[in-house]
Amino acid sequence: DEFQLINFILMTKGSQFVSAGLFMMARGAMMYFACFSCCKPTMAECIMVYGPGSVDSLVLSSVDYLGAITLPWIAFRWLPYSEKAINRTYVGRKMDELEDDMEDE
């Protein structure tokens, strides 16, 4: 169904913005703040050991990043081959027009 593919693409990109953008920004800021609050004399060392990017796995982050890019593009590629599933009663037509159309068929 075309709607489901478009909905998947939009929801995936929206959640990517929130999870990879806003949440990761807040997480990095909190890591810097924790190093600033707890280890002022050795702040540079604390950031190198416990700061953003030092504790994340590069392989897992790469797989997540590539999956977030690849899956919406696969769905986008399948859009021309999808069908529009639409029910005539939901289009806003009057019931008598709908009955006339059904009688013609």
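Note: the structure precedes this text.
Residues numbered from 1 in each chain as written. Predicted model: local features only at pLDDT ≥ 70, side-chain atom pairs only at ≥ 80, totals over all residues. Heavy atoms only, no water.

Caption draft 1: Geometry of the overall build of the protein chain. Within the protein chain, the secondary structure is distributed over four helices and zero strands. In sequence order, the secondary structure elements of the protein chain are arranged as α-α-α-α. With 105 residues in all, the protein chain has 12% of them scored as buried. Considering only residue pairs separated by 6 or more positions, the protein chain has 60% of its internal contacts joining residues 24 or more positions apart. Carbon together with sulfur atoms contributes 67% to the accessible area of the protein chain, which is approximately 8,800 Å² in total. (Helix = DSSP H or I, 4+ residues; strand = E, 2+ residues; numbered from the N terminus. Buried < 20%, exposed > 50% of the residue type's maximum accessible area, 1.4 Å probe, protein only. Contact = heavy atoms within 4.5 Å. Areas by Shrake-Rupley, 256 points an atom, 1.4 Å probe, with all protein chains shown as cover.)

Caption draft 2: Broad picture of the state of the cysteines. Considering all chains together, one arrives at one disulfide under this definition. Cys38 forms no disulfide, and the closest cysteine sulfur to it belongs to Cys39, at a distance of 5.5 Å. Lacking any disulfide linkage, Cys39 is separated from the closest cysteine sulfur, that of Cys46, by 4.0 Å. (Disulfide = S-S within 2.5 Å.)

Caption draft 3: Layout of the packing of helix H1 (residues 2-38) against helix H3 (residues 58-77). One way to put it is that H1 packs onto H3 with a least axis distance of 9 Å and a crossing angle of 160°. Between H1 and H3, the angle is such that the two are roughly antiparallel. For the crossing formed where H1 meets H3, the hand is left-handed. Counting all contacts with H1, which are made through Leu5, Phe8, Ile9, Thr12, Lys13 and Gln16, the residues of H3 involved are Ala68, Leu71, Pro72, Ala75 and Phe76. (Axes fitted to C-alpha atoms, helices over the stretch in contact; angles between N-to-C directions. Parallel < 35°, antiparallel > 145°, perpendicular 65-115°, else oblique. Left-handed = near helix turned anticlockwise from the far one by under 90°.)

Caption draft 4: Structural view of the side chain of Ser82. Of note, Ser82 is situated in the loop between H3 and helix H4 (95-104). According to the relative accessible area criterion, Ser82 is buried, its value standing at 17%. At 2.8 Å, the side chain of Ser82 forms a polar contact with the backbone oxygen of Leu79. Ignoring any residue separated from it by four or fewer positions in sequence, one finds Ser82 in contact with Asp1, Glu2 and Leu5. (Polar contact = N/O pair within 3.5 Å; in protein donor to acceptor, adjacent residues only side chain to side chain.)

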